[in-house]
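Here are the chains, one letter per residue:
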Amino acid sequence: MSASFSQLRAARQTKETKSLVNSQSENSKATTNETFQSAPSDFNANGLYSSLPASIEIKTSETHGRGLWLKEPLKAGTVLINTKPRVAVLSNRYLDSHCSACFEPASPLKRCTQCQTVYYCDAACQTRDWPSHKNECGALQKWAEAVPALDVSVPNDGVRCLARVLWKKQKQGPESQGSREIDSMQNHRPHASSSVIELQTHLAHSLVRYIGATSPPELEAYGISSAADLVNLISRFTTNSFTVTDPTLTPIGVAISPIIALINHSCDPNAVVVFPHAASTKAKEPSMQVIALKDITPGSEILTSYIDTTVPRSLRQKSLVETYHFTCHCDLCTSESATDPRTSMACPKSCGGVCPIPTDEDTDLPRCLKCKAAVSSTDAILDAVRLGKEALEKATSLQLQDPPKARRLTTKLIEILHSAGIQPSSHPLLALSRLQHTLLISSLSGNLTQEALDETIRAINCSVIGCAAVLHEGHPVRAIALTELAKALIVDEPEPRQGPSITYPPSGPARLKLAYDTLLRARHELLIAFGRENEGGKVGRDVRDTLVAVERELGVWKQGIRNTIEDQPVPLKARTS
Ligand SMILES: C[S@@+](CC[C@H](N)C(=O)[O-])C[C@H]1O[C@@H](n2cnc3c(N)ncnc32)[C@H](O)[C@@H]1O
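Each chain carries its own residue numbering, running from 1 in the written order of its sequence. In keeping with the model being predicted, local features are shown solely for residues with a pLDDT of at least 70 and side-chain atom pairs are shown and tallied solely at 80 or more, while totals for entire chains, interfaces and linings include all residues. Note that the side-chain values use all heavy atoms of the structure and ignore hydrogens as well as water.

J.: Teacher, can you tell me more about the packing of aromatic side chains here?
T.: Here a ring pair, both rings aromatic, is described through the centre-centre distance and the interplanar angle of the planes. Pairing of aromatic rings covers Phe, Tyr and Trp, the last through its six-membered ring, and needs centres within 6.5 Å; plane angles under 30 degrees mean stacked, over 60 mean edge-to-face, and all others mean tilted. Enumeration over the complete set of coordinates arrives at four aromatic pairs. On the numbers, 4.6 Å between centres and 55° between planes, the contact of Tyr306 with Tyr324 is tilted. Pair noted here: Tyr306 is in the loop between strand 13 (303-304) and helix 9 (313-324) and Tyr324 is in helix 9, with a separation of 18 residues, a long-range link. The two residues Tyr306 and Tyr324 agree in class, both being buried. Taking the centre distance of 6.3 Å and the plane angle of 90° together, the rings of Tyr306 and Phe326 count as edge-to-face. Strands are runs of DSSP state E lasting at least two residues, helices are runs of H or I lasting at least four, and both sets are numbered from the N terminus onward. When accessible area is computed with a 1.4 Å probe and restricted to protein chains, residues below 20% of their type maximum are described as buried, those above 50% as exposed, and intermediate ones as partly exposed.

J.: Teacher, can you tell me more about unusual backbone geometry here?
T.: Note the cis peptide between Ser107 and Pro108, where omega equals -5°. Position of Pro108 among the secondary structure elements: in the loop between strand 5 (87-90) and strand 6 (110-111). A cis amide bond links His427 with the next residue in sequence, Pro428, at an omega value of 5°. One can find Pro428 in the loop between helix 12 (403-419) and helix 13 (429-443). Residues other than glycine seldom take positive phi values, yet Tyr49 does so here, at roughly 55°.

J.: Explanation requested: the site of the ligand in the structure shown.
T.: Taken together, 17 residues lie around the ligand, and His64, Arg66, His188, Asn264 and Tyr324 are the ones closest in. In protein, a polar contact requires one atom able to donate a hydrogen and another able to accept it; more generally it is a pair of N or O atoms within 3.5 Å, and residues adjacent in sequence count only if both atoms are side-chain atoms. Interatomic distance of 2.9 Å between a backbone N/O atom of His265 and a nitrogen atom of the ligand. A distance of 2.7 Å is found between an oxygen atom of the ligand and a backbone nitrogen or oxygen belonging to Tyr324. Contributions of two or more residues to the shell around the ligand are made by strand 3 (65-70), helix 8 (227-240) and strand 10 (264-265). Inspection of the shell around the ligand shows a minimum of three residues originating in each of domain 1 (17-84 + 257-314) and domain 2 (91-241). Whether a residue is near a molecule or strand depends on its heavy atoms: it is near if one of them lies within 4 Å of it. Where each domain starts and ends comes from a domain assignment, either automatic or drawn from a database.

J.: Hey, could you run me through the nonpolar core in this one?
T.: What tends to happen in soluble globular proteins is that the nonpolar side chains get buried as a cluster. The nonpolar core is taken to be a set of buried Ala, Val, Leu, Ile, Met, Phe, Trp, Tyr and Cys residues, with the residues joined through side-chain atoms within 4.5 Å. Counting residues in each nonpolar core, the largest one holds 76 residues, and the members touching the most others are Leu68, Leu80, Ile81, Ile211, Val290 and Ile302. Counting contributing residues per domain, this core is built from domain 1 (17-84 + 257-314) and domain 2 (91-241), each supplying no fewer than three. Contacts are assigned to residue pairs with any non-hydrogen atoms lying within 4.5 Å of each other. Setting aside its immediate chain neighbours within four residues, Ile81 contacts Leu52, Pro53, Ile56, Leu68, Ile259, Ile260, Met288, Gln289 and Val290. Listed in part, the 43 residues of the second largest apolar core include Ile291, Ile441, Ala481 and Tyr516.

J.: So what exactly am I meant to see when it comes to the pattern of salt bridges here?
T.: A pair can form between side chains of opposite charge whenever their charged atoms are brought close. In what follows, salt bridge is the name for a side-chain nitrogen of Lys or Arg lying within 4 Å of a carboxyl oxygen of Asp or Glu. Evaluated as defined, the whole model comprises 20 salt bridges. In this structure, Arg497 and Asp454 form a salt bridge, with 3.0 Å as the shortest nitrogen-oxygen distance. Residue Arg497 is found in the loop between helix 15 (476-489) and helix 16 (509-529), and its partner Asp454 is found in helix 14 (residues 450-470); the two are separated by 43 residues along the sequence. Using a relative accessible area of 5% as the deciding quantity, one classes Asp454 as buried.

J.: Would you mind going over the sheet that holds strand 8 (residues 241-245) with me for this structure?
T.: Strand order across the open sheet formed by three strands is 5-9-8, with antiparallel pairing between neighbours. The open sheet has two edge strands with one neighbour each: strand 5 and strand 8. Within this sheet the neighbouring strands show an average axis-to-axis angle of 30°, counted without direction. Sheet topology places strand 8 next to strand 9 (residues 251-256); five bridges connect them, and they run antiparallel. Considered in strand 9, the bridge of Ser241 is made with Ile256. Axis definition: a line fitted to C-alpha atoms, limited for helices to the stretch in contact. Angles are taken between N-to-C directions and run from 0 to 180 degrees. Strand contacts of helix 4 (residues 157-172): strand 5 and strand 9, with the helix running at about 145° to strand 5, the strand carrying the most contacts. Here, any two strands with at least 2 DSSP bridges between them count as paired.

J.: Whenever I open this one, helix 4 confuses me. Can you help?
T.: Structurally, the α-helix is built with 3.6 residues per turn, so residues lying three or four positions apart point the same way. To estimate the expected span of a helix, subtract one from its residue number and multiply by 1.5 Å. For helix 4, built from 16 residues, the straight-helix expectation of 22 Å at 1.5 Å per residue is met to within 8% by its first-to-last C-alpha distance of 23 Å. The element helix 4 is extensively covered by neighbouring structure, given that 12 of its 16 residues are classed as buried. By the burial criterion, the buried members of helix 4 are Asp157, Gly158, Val159, Arg160, Cys161, Leu162, Ala163, Arg164, Val165, Leu166, Trp167 and Lys169. Packing partners of the buried residues in helix 4 comprise strand 5, helix 3 (123-146), helix 5 (177-183), helix 6 (194-211), helix 8 and strand 9.

J.: Explanation requested: the environment of Leu320 in the structure shown.
T.: Within the secondary structure layout, Leu320 lies in helix 9. Taking the C-alpha atoms as reference, Leu320 lies 9.3 Å from His265; in sequence the two are 55 residues apart. The contact partners of Leu320, leaving out residues within four places of it in the chain, are His265, Cys267, Tyr306, Ile307, His325, Phe326 and Cys328.

J.: I keep staring at the UniProt feature "domain: MYND-type" (unreviewed entry) in the protein chain and nothing clicks. Help me out?
T.: UniProt positions are given in the numbering used here, feature names are shortened, and annotations may be inferred rather than shown by experiment. UniProt's entry tags residues 99-137 with the feature "domain: MYND-type" (unreviewed entry), counted in the numbering of this structure. Between the end C-alpha atoms of residues 99-137 the distance is 15 Å, and the span holds 38% helix and 10% strand.

J.: Looking at this model, I keep getting lost on empty space enclosed by the protein. Mind explaining?
T.: A water-sized probe, rolled over the atoms, reveals where empty space remains. Within this scheme a cavity is a closed region of a 1 Å grid, computed over the protein atoms alone, that accommodates a 1.4 Å probe without allowing it to escape, whereas a pocket is open but has protein on both sides within 12 Å along at least five of seven lines; lining residues each have an atom within 4 Å of a point. Grid points are joined across faces, edges and corners, and a volume is the space filled by probe spheres set on the points. Per the counting criterion, the structure on display carries four cavities of 30 Å³ or more. Here the second largest cavity defines a volume of roughly 60 Å³. If you trace the second largest cavity, you find it lined by Arg86, Val87, Arg164, Val165, Lys168, Lys169, Gln172, Gly178, Ser179 and Ile182. Among the elements that take part in the lining of the second largest cavity, helix 4 stands out by supplying five residues, more than any other. Side-chain classes are defined by residue name, with Ala, Val, Leu, Ile, Met, Phe, Trp, Tyr, Cys and Pro counting as nonpolar, Asp, Glu, Lys and Arg as charged, and the others, Gly among them, as polar. In the lining of the second largest cavity, the residues fall into three nonpolar, three polar and four charged.

J.: It is not clear to me how the packing of helix 13 against helix 14 should be interpreted in this structure. Could you clarify?
T.: Packed helices, taken two at a time, are described by their axes: the angle between them and the distance between them. Here helix 13 crosses helix 14 at 145°, and the two axes come no closer than 9 Å. Crossing of helix 13 against helix 14: the hand is left-handed. Residue-level inspection shows Leu430, Ser433, Arg434, Gln436, His437, Leu440 and Ile441 of helix 13 in contact with helix 14, the latter providing Glu455, Thr456, Ala459, Ile460, Cys462, Ser463, Gly466, Cys467 and Val470. Here the residues of the contact of helix 13 with helix 14 are counted per class, giving eight nonpolar, six polar and two charged. By definition, turning the near helix anticlockwise from the far helix through less than a right angle yields a left-handed crossing, and turning it clockwise yields a right-handed one.

J.: What am I meant to see in the sheet that holds strand 11 (residues 271-274) here?
T.: What links the strands of a sheet is backbone hydrogen bonding, and the strands pair in either a parallel or an antiparallel sense. Within the open sheet, the three strands sit side by side as 4-12-11. Their pairing is antiparallel. A single partner strand is all that each edge strand has here, and the edge strands are strand 4 (79-83) and strand 11. Taking the axes of each pair of neighbouring strands and ignoring which way they run, one obtains an average angle of 10° across the sheet. Where strand 4 and strand 12 (residues 288-292) come together, four bridges link them in antiparallel fashion. If you follow Thr83 over to strand 12, its bridge partner there is Met288.

J.: How should I be thinking about the confidence of the model for the protein chain in this particular structure?
T.: The predictor attaches a confidence to each residue, and that confidence, scored 0 to 100, is pLDDT. Per-residue pLDDT for the protein chain averages 87, and the proportion of residues at 70 or more is 86%. Between residues 1-17, whose pLDDT stays under 50, and residues either more than four places distant or in other chains, the model counts 58 contacts. Under a pLDDT of 50 for its full length, residues 19-34 has, in the predicted model, 83 contacts with residues more than four places off or in other chains.

In structure tokens, the structure reads:
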């Protein structure tokens, strides 16, 4: 079986943004303790959210604002909402490698001859994108002429996305359904800190310059009659935008969907937002879907996660407050369990139990939950965790600029944290493992050695184990990590080891069998993560095809063994008996 590492994708950010990989819980405590009311019927009477499926209704509460609630039971892996983003832009980084209409990577791509900035697969993609690109084309040219340096010759992703919102508003009119849905997205401007206001003001200046408005009356065509209107729009964008991801969850763009933005957050979500890539041979545009991660009962709120839920509660709460201005009261955040796998380490007496990782705030020594042994070497553990966090920050910032350095840093700190007994699901070990796994995949070349391949497999296996402990079955991050493990296991071994396999990963036929079992697990999870009706998205369909090929190979191998056995001379003893 031969596979290549070029198929395995790298560069995924450890940090999730509200988007892709949103996960959630069935009934969070917050929802059970409060009164949620069906939204006034004028939501729909006004024509807002008219594309909401009949199985879903909008309800409101004082603490959460509006949210989406399910009226019918639904199974994990069911598509709850399938919509086109209102606007979407490719990130600057991918403008010359991906088509700006369908967001697919292609080579060769055709460049827009006017702005020379965006690329398309073909004339069909270009024609489809023209209504959105029309204003943008001229604006990009003017921007490039005016800027002082090449590295800022295209405005940032946020400015380009917001400009597309404004051009759409101008075309459809400020009173159109689309414009009103954008205007009714949650706005946190009154709660913004002074540093956020400064940032938003800066963004507002860039936006006005980019769309080419030179006086306030010109902005009225976009439904903007004051500076406050402009900053409100930017504030809504911050709270409600989504990260567009490619099939392996690499962030490649930014999108806005007012309907999907109605979904509230839980750190233990019951649904995820994905860009599954249609089952058709060629996706025409990035479709955005909300998929049930768990079986959901009628009368439950649909909840996704806005943030990376593999990190401990304190970090989750910090990013939710900073970006979304609320404190989460989901089951995961309010439960008192001493055994959060995000903050646990092995028993210091190696009894097989776990204990909480010590913190600076502890007044008593943490103890093993099984044998009650105390963790006495708290200073050494605190040091290891602190170093791990510093290395994670540094390696994350170096991952694009200097990947070998980032790789060395992650490898060193993973070893230190392992020796300190930190569990693979704990922070920052899991984050470092995920980063290392990504970096190792992208570093593999044609001259692959057995050692490098096995090291990569072990690293991916660590992140699979960690993710499985903290993310629900079928979570896209978990499903993709399993897929990458399976794909690494089927790469041809440069020097297969002889004799019985006692170490991980095994070699030879045992490796192929492990690859097959891992592919089966990955397929099961992909069907949930990216939807059964999408056949698990693009990756799910690839895994299905790979499974068929591996089955054939395993069949040949089993047949070969049978033939070999049948070809053996009958033992002498048997002949005489
Ligand atoms: C994307 S919007 C979700 C829809 C929003 N509730 C609305 O009415 O438009 C995100 C905002 O909803 C609120 N929100 C979301 N999840 C919440 C939660 N679990 N608890 C409290 N507020 C929440 C916060 O104000 C957050 O900034």
